[in-house]
There are 2 protein chains.
Amino acid sequence: MEKSVQPTINDVARLAGVSKKTVSRVINRSPLLNDDTRRRVEEVIADMGYVPNPQARALALRRNFLIGLIHDNPNAQMVLRVQQGLLEVLRDTEFELIVHPVDRGAPEMHDDIRLFLERQRPYGVMLLPPISENDELALLCASIGCRYVRMGSAAFDGPDHMVASNDREAVRGALAQLIGMGHRRIGLIAGPHGFRSAHERRSGYEEAMAAAGIDVSRNWIAQGDYTFESGMRAGERLLDLSPLPTAIFASNDEMAAGALHAARQRGLDVPADLSILGFDDTSIASHLWPPLTTIRWPIAPMARAAALKLIGSADKDDDGALFVSTLIRRASVAAPGG
Amino acid sequence: MEKSVQPTINDVARLAGVSKKTVSRVINRSPLLNDDTRRRVEEVIADMGYVPNPQARALALRRNFLIGLIHDNPNAQMVLRVQQGLLEVLRDTEFELIVHPVDRGAPEMHDDIRLFLERQRPYGVMLLPPISENDELALLCASIGCRYVRMGSAAFDGPDHMVASNDREAVRGALAQLIGMGHRRIGLIAGPHGFRSAHERRSGYEEAMAAAGIDVSRNWIAQGDYTFESGMRAGERLLDLSPLPTAIFASNDEMAAGALHAARQRGLDVPADLSILGFDDTSIASHLWPPLTTIRWPIAPMARAAALKLIGSADKDDDGALFVSTLIRRASVAAPGG
DNA sequence: TTGTAGGCGTTATCAT
DNA sequence: ATGATAACGCCTACAA
């Protein structure tokens, strides 16, 4: 075993023959320090294996070295990819990730988050959709003096506080391709009301259809809530239509999987009888049969960018960096009529 | 906006006309306190909306109110379910969850974890498989004086430090049912070497076959590494056999999905030509076509139990509580020739 | 460039 | 049963 107690700043100071404050300056990379002194102190630090105590720093600084991830767990895959992206940046820094899920819809959510921020005093927090769309939360963070970055399907905050994909444009482009293949009766399984992503994706669909001069019949649009079951039910409704749609765009992969399920239960062949397009490229997409054509948005890069913004080492240049979604072509889409 | 600064223990003490220490005693539910005093102080606390500062407590107590989750991300679904289970218990306590993934195989993993424990001084940590199987890590936690609970496929530590499922028995039971349906040529897609869960599940398979007096041919067992692709390749190898197996047990759902994929590419009908059984009941299982029969182990209850052990409010009774896995019957299994 | 004094908000020790 | 005082380990302000 090692020494039972860890060395403190005092031990380092004593051994190096300097004051605590000097050691503190070394730790914090203060510019006003004699190079000799710095070197000497750094040596002692390395020798003793000294590590600054984050709790003491947090107390003195009134700010913790924790990055909070606040979310309402809309999608396990997404949450995990975000965690991975954040942690990639946080690894090898002094920051740690603290996960704080909340219950959207619960009346106490706001207070819960406030308590979390006031107690833990995280260095910064990342807000995931859909609660990232809540402006009150952003204001709350700002009023408490906590850095924050929101993740979303469109830029609804300043660049310092936002990492955004462009769902609308991505959908528009993907649907233009479907239309280019000859599809005209294209159904939409829309996401739940109140979700910005659902809104953006629907807008992309509508814009693409309008651009192609296709009149969207009201019953070509079925409402889902981003779950497999809702996708299945919505798919059934669309497959009750006559004539049948030749393609369905589902606003996320879960619902696309549900629609695929519905199609198969009716004996339809995908993609010969019906093309299906999803959104998100979660792992389910590639594991379906047939593998799902879908739109992938760059979650991990967005999470990494968010982490960099939060810990303050983001290049100022990259504010303009766009996060572009890409169409992942798999076997669930083909030209109509097989 | 509110008062810009939060009240401290001093403010409470002053207003209540007592000393800091008395307030501290109220916070910490010290038994030696006059009821009147306690009530008075509690009132003031409620009035002021005072919340103890965790950083200061951490400094004084040399221990944080954070629960660490250390894992090597074997499976996104699993990690997330564990997080949910832990957080269910931690919600409404003063504890927060701090996620610390590591890189199994990296030589610095041990030091990385040591640094994490020494710096953050978490109140306790939960170790997920497969790194939970590493006894050195458990020793490390113990030597640092950090509580820990390990999650695993079998009990390989004392009850205070372990939440365990019983994979071997679960597999044995499920395979007995397969055999009862008439299957005899049952292939196994085994998990990677060095994983206790892979070992246990394989043992369950072997025990069930032995119990039924079936000689397991060496090439009925294909090796995978818990990924979809490895499952696909392993499935192909098993489907090269002649005569064909009538059933395949894959040691996790991902590999079962891969095997299903392989079967379909050969034009086999599942379950008519081939039954497939998975393990884990991740979300992929229910979304496959046909939906996958699989074994579910109670991750969330196990995580909740672990959290209770960590924060020290576990009933002493429940040590004997078994976490039983259940067979989830879906459409991927049928009688052979079916 | 470096050091001293004091504070951050809590708990522990030892009185009373 | 309660309180004064000194930690806990670090940082800020100010002084030298």
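Right above here is the structure, for reference.
Residues numbered from 1 in each chain as written. Chains lettered and ligands numbered in written order. Predicted model: local features only at pLDDT ≥ 70, side-chain atom pairs only at ≥ 80, totals over all residues. Heavy atoms only, no water.

Section: the interface of chain A and chain B
A common measure of how large an interface is: the accessible area buried when the components associate. Facing 51 residues of chain A, the contacting portion of chain B comprises 50 residues. Of the roughly 4,400 Å² buried at the junction of chain A and chain B (both faces included), carbon and sulfur atoms supply 58%. For the interface between chain A and chain B, the tally reads zero salt bridges. For the pair chain A and chain B, the interface holds 12 residue pairs in polar contact (both at pLDDT 80 or more). Contributing elements (two or more residues each) for the side of chain A that touches chain B: helix 4 (54-61), helix 5 (76-90), strand 2 (96-101), helix 6 (109-120), helix 11 (253-265) and helix 12 (283-287) of chain A. (Contact = heavy atoms within 4.5 Å. Buried area = accessible area lost by both parts, 1.4 Å probe. Salt bridge = Lys/Arg side-chain N within 4 Å of Asp/Glu carboxyl O. Polar contact = N/O pair within 3.5 Å; in protein donor to acceptor, adjacent residues only side chain to side chain. Helix = DSSP H or I, 4+ residues; strand = E, 2+ residues; numbered from the N terminus.)

A short note on helix 11 (residues 253-265) of chain B
All names here are of chain B. Taking 1.5 Å of rise per residue, 13 residues should cover 18 Å, and helix 11 covers 18 Å from first to last C-alpha, within 8% of that figure. In terms of burial, helix 11 is largely enclosed, as 10 of its 13 residues are buried. What helix 11 keeps buried is the set Asp 253, Met 255, Ala 256, Ala 257, Gly 258, Ala 259, Leu 260, His 261, Ala 262 and Ala 263. Where the residues of helix 11 are buried, they touch strand 6 (186-190), helix 10 (228-239), strand 8 (247-250), strand 9 (275-277), helix 12 (283-287) and strand 10 (294-296). Gly 267 occupies a position one or two residues after helix 11 and carries a positive phi of about 75°. (Expected span 1.5 Å × (residues − 1). Buried < 20%, exposed > 50% of the residue type's maximum accessible area, 1.4 Å probe, protein only.)

Looking at the sheet that holds strand 7 (residues 221-223) of chain B
Residues and elements named next belong to chain B. Ordered in space as 7-6-8-9, the four strands form an open sheet in which the pairing is parallel. A strand with exactly one partner marks an edge of an open sheet, and here the two such strands are strand 7 and strand 9. Each strand axis lies, on average, 20° off the axis of its neighbour in the sheet, ignoring direction. Across three bridges, the pairing between strand 8 and strand 9 is parallel. By the bridge assignment, Ala 247 is partnered in strand 9 with Ser 275. Each of strand 6, strand 7 and strand 8 is contacted by helix 9 (residues 196-211), which is oriented at about 165° to strand 6, the strand it contacts most. (Pairing = 2+ DSSP bridges. Axes fitted to C-alpha atoms, helices over the stretch in contact; angles between N-to-C directions.)

Things to note about the packing of aromatic side chains
Ring pairs (aromatic) are described by centroid distance and by the angle formed between their planes. For the coordinates displayed, the defined rule picks out eight aromatic pairs over all chains. Their ring planes at 25° and their centres at 6.0 Å tell us that Phe 65 of chain A and Tyr 123 of chain A sit as a pair that is stacked. Remark: Tyr 123 of chain A occurs in the loop between helix 6 and strand 3 (124-127) and Phe 65 of chain A occurs in the loop between helix 4 and strand 1 (66-71); sequence separation between them is 58 residues. Take Phe 65 of chain A: its relative accessible area is 10%, and that puts it in the buried class. Between the aromatic rings of Phe 95 of chain B and Tyr 123 of chain B, the centroid separation amounts to 4.9 Å while the plane-to-plane angle is 70°, which identifies the pairing as edge-to-face. With a gap of 28 residues between them, Phe 95 of chain B in the loop between helix 5 (76-90) and strand 2 (96-101) and Tyr 123 of chain B in the loop between helix 6 (109-120) and strand 3 (124-127) connect regions that are remote in the sequence. No difference in accessibility class separates Phe 95 of chain B from Tyr 123 of chain B, as the two residues are buried. Geometry around Tyr 123 of chain A places Arg 63 of chain A over its ring, the cationic atom sitting 5.1 Å from the centre. One cation-aromatic arrangement involves Arg 201 of chain A over Phe 279 of chain A; the distance from NZ or CZ to the ring centre is 3.8 Å. (Phe/Tyr/Trp six-rings, centres within 6.5 Å; stacked < 30°, edge-to-face > 60°. Lys NZ or Arg CZ within 6 Å of the ring centre and 35° of its normal.)

Some details on the protein's contact with DNA strand C
Not every one of the 26 residues close to DNA strand C is listed here, only the nearest: Thr 22 and Thr 37 of chain A together with Ile 9, Ser 24 and Tyr 50 of chain B. Side-chain polar atom of Tyr 50 of chain B to a phosphate oxygen of DNA strand C: 2.5 Å apart, as the coordinates give it. Secondary structure elements with two or more residues in the surface near DNA strand C: helix 2 (20-27) and helix 4 of chain A together with helix 2 (20-27) and helix 4 (54-61) of chain B. The element contributing the most residues to the surface near DNA strand C is helix 4 of chain B, with four residues. Here the surface near DNA strand C is built from residues that sort into 12 nonpolar, eight polar and six charged. (Near = heavy atom within 4 Å. Nonpolar A, V, L, I, M, F, W, Y, C, P; charged D, E, K, R; others polar.)

Focus: the environment of His 71 of chain B
Residue and element names in this part refer to chain B. Residue position: His 71 is located in strand 1 (residues 66-71). Residue classification places His 71 among the buried residues on the basis of a relative accessible area of 3%. For the pair formed by His 71 and Glu 42, sequence separation is 29 residues and the distance between their alpha carbons is 40 Å. In this structure, His 71 is in contact with Val 79, Val 99, His 100, Pro 101, Val 102, Leu 128 and Ile 131, ignoring residues within four places of it in sequence.

In short, the description is geometric, and any link to function would need to be established separately.
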